[in-house]
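Listed below, chain by chain, are the residues.
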Amino acid sequence: EDQVTQSPEALRLQEGESSSLNCSYTVSGLRGLFWYRQDPGKGPEFLFTLYSAGEEKEKERLKATLTKKESFLHITAPKPEDSATYLCAVQVRRGAQKLVFGQGTRLTINP
Amino acid sequence: SQTIHQWPATLVQPVGSPLSLECTVEGTSNPNLYWYRQAAGRGLQLLFYSVGIGQISSEVPQNLSASRPQDRQFILSSKKLLLSDSGFYLCAWSVTSGARGYTGELFFGEGSRLTVL
């Protein structure tokens, strides 16, 4: 069974304190890995797509990386507005019409 | 540009009552359409997806159903709601690519908060 596990469940940082969120996956043939940001009471907002091990994508203070077993979302010098739940999802080769989501990491940045 | 509209935003319904949530997409044609549910403290659970008009795939056996009467319209329904149907319902769309209709990034609506009492 395809599985996606995110850690930690929740993370509280001080403004400017860099850290990383983890997304590990066990799937039968990865076609793509996606990162989303979700604010409370809102729909998820697309951030990045990664397709192959070694690939990296950056957007402002966020950088996503991918290995054969996991992905990291690195956040550098975060600001309070980066507080949100970050979701990871995988697309598998068979049944690639859908994404399988992890539980998310709730990130809080204190000023 | 593409936009997705989902309504109603908030709904409080008694157990046993019917449900209809509607979603429409603008600015694209022949999208893949999806209904996800997000229960409190849990991840996104795929309920239904559709690769074309009248084509519905169900992922989870339940008392919910979905329909796609038009290319850019997706409806989630129930004849009799259960307490366990409470949650945050999200509609999403994606472009398709290739002969197998592989999906790309999902773009979500603002969500519908359903409380069943």
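Values in this document were obtained by computation on a predicted structure and should not be read as measured data. (Residues numbered from 1 in each chain as written. Chains lettered and ligands numbered in written order. Predicted model: local features only at pLDDT ≥ 70, side-chain atom pairs only at ≥ 80, totals over all residues. Heavy atoms only, no water.)

### Considering the pattern of salt bridges
Note the following rule: Just to be clear on terms, a salt bridge is a Lys or Arg side-chain nitrogen sitting within 4 Å of an Asp or Glu carboxyl oxygen.
Overall, the coordinates contain seven salt bridges over all chains when judged by the stated rule. Salt-bridge contacts for E56 of chain A lead to K63 of chain A; the nearest nitrogen and oxygen are separated by 3.9 Å.

### Digging into unusual backbone geometry
Note the cut-off: Here a strand is any run of E in DSSP of at least two residues, a helix any run of H or I of at least four, and the numbering for each starts at the N terminus. A 1.4 Å probe rolled over the protein chains alone gives each residue an accessible area, and that area as a share of the maximum for its type sets the label: buried under 20%, exposed over 50%, partly exposed in between.
In this model, S7 of chain A is joined to P8 of chain A through a cis peptide bond whose omega is -10°. Looking at the element boundaries, P8 of chain A is found in the loop between β1 (3–7) and β2 (10–14). Residues W7 of chain B and P8 of chain B are joined by a peptide bond in cis, for which omega reads 0°. Relative to the assigned elements, P8 of chain B resides in the loop between β1 (3–7) and β2 (10–13). A positive phi is found at A77 of chain A, a non-glycine position, where the angle reads about 45°. On the secondary structure map, A77 of chain A appears in the loop between β8 (70–75) and β9 (84–92). For A77 of chain A, a relative accessible area of 36% gives the class partly exposed. Here N30 of chain B, not a glycine, exhibits a phi torsion of approximately 50°, which is positive. With respect to the element layout, N30 of chain B can be found in the loop between β3 (19–26) and β4 (32–38).

### Some thoughts on the interface of chain A and chain B
As a reminder, the rule being used: The criterion used for residue contact is that any of the two residues' heavy atoms lie within 4.5 Å. Distance and chemistry together define a polar contact, namely a pair of N or O atoms within 3.5 Å, with one atom able to donate a hydrogen and the other to accept it when in protein, and with adjacent residues in sequence counting only for side-chain atoms on both sides.
The interface of chain A with chain B comprises 21 residues on the first partner and 25 residues on the second. Seen at the junction of chain A and chain B, the total is one salt bridge. Linking chain A to chain B there are six residue pairs in polar contact (both at pLDDT 80 or more). Elements that contribute at least two residues to the side of chain A that touches chain B include exactly β4 (30–38), β5 (45–50) and β9 of chain A.

### Quick word on the sheet that holds β1 of chain A
Residues and elements named next belong to chain A. Going by this rule: Only strands joined by at least two bridges in the DSSP assignment are considered to pair. To define axes, lines are fitted to C-alpha atoms, for helices over the stretch in contact only, and angles between the resulting N-to-C directions are given on a 0 to 180 degree scale.
The strand order β1-β3-β8-β7-β6 describes an open sheet built from five strands, whose pairing is antiparallel. One side of each edge strand has no neighbouring strand; the edge strands of this open sheet are β1 and β6 (56–59). Neighbour to neighbour, the strand axes of the sheet diverge by 15° on average, direction disregarded.

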